[in-house]
Amino acid sequence: MKKYAVKPDAETLDIVNTAARKTVTVVMKIYWGDPREKICAAAEQIPLSSLVMGNRGLGGLKRMIMGSVSNHVVNNVACPVTVVKAHT
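Below is a short write-up of the structure. Nothing here was measured: the structure is a model prediction, and the numbers come from that model. (Residues numbered from 1 in each chain as written. Predicted model: local features only at pLDDT ≥ 70, side-chain atom pairs only at ≥ 80, totals over all residues. Heavy atoms only, no water.)

Before going further, it helps to examine the pattern of salt bridges. Enumeration according to the criterion identifies one salt bridge in this entry. Where Arg-36 meets Asp-34, a salt bridge forms, and the shortest distance between an N and an O atom there is 3.4 Å. In this structure Arg-36 comes out as partly exposed when scored by relative accessible area, which is 27%. (Salt bridge = Lys/Arg side-chain N within 4 Å of Asp/Glu carboxyl O. Buried < 20%, exposed > 50% of the residue type's maximum accessible area, 1.4 Å probe, protein only.)

Cys-40, Ala-43, Leu-51, Met-53, Val-73, Val-77 and Cys-79 together form the largest nonpolar core, which totals seven residues. Looking at this core, the elements that each hand over two or more residues are α2 (35-45) and β1 (51-55). (Core = buried A, V, L, I, M, F, W, Y, C linked by side-chain atoms within 4.5 Å. Helix = DSSP H or I, 4+ residues; strand = E, 2+ residues; numbered from the N terminus.)

It is worth spelling out the environment of Thr-18 at this point. Note that Thr-18 resides in helix α1 (residues 10-20). Overall, the relative accessible area of 33% leaves Thr-18 in the partly exposed class.

Remark: α2 packs on helix α4 (residues 69-76), axes separated minimally by 9 Å, with the N-to-C direction vectors making an angle of 30°. For the element pair α2 / α4, the angle class is roughly parallel. In this structure, the crossing between α2 and α4 has a hand that is right-handed. When α2 is examined against α4, the residues Pro-35, Arg-36, Ile-39 and Cys-40 are found in contact with a partner set consisting of Val-69, His-72, Val-73 and Asn-76. Per-class residue counts for the contact of α2 with α4 are five nonpolar, two polar and one charged. (Axes fitted to C-alpha atoms, helices over the stretch in contact; angles between N-to-C directions. Parallel < 35°, antiparallel > 145°, perpendicular 65-115°, else oblique. Left-handed = near helix turned anticlockwise from the far one by under 90°. Contact = heavy atoms within 4.5 Å. Nonpolar A, V, L, I, M, F, W, Y, C, P; charged D, E, K, R; others polar.)

Okay, structure coming up:
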């Protein structure tokens, strides 16, 4: 994280640390660029058994203009994808 001058928030680090203590392998990487392309490319490069990602819950008009990253990833990666909706 220091290499990229990025400081994740405490909640994110807590989630990653908790998951890492279980019998799963947690991979945390930082990419720059179009998230749809970068997530799909990363899913091809890293042998994943599943992918869990968040959803901002954009309204219909914003989703139509900006596109849905989670929808694109669900339809374009080979591994199973679980989309977690944001708290409202």
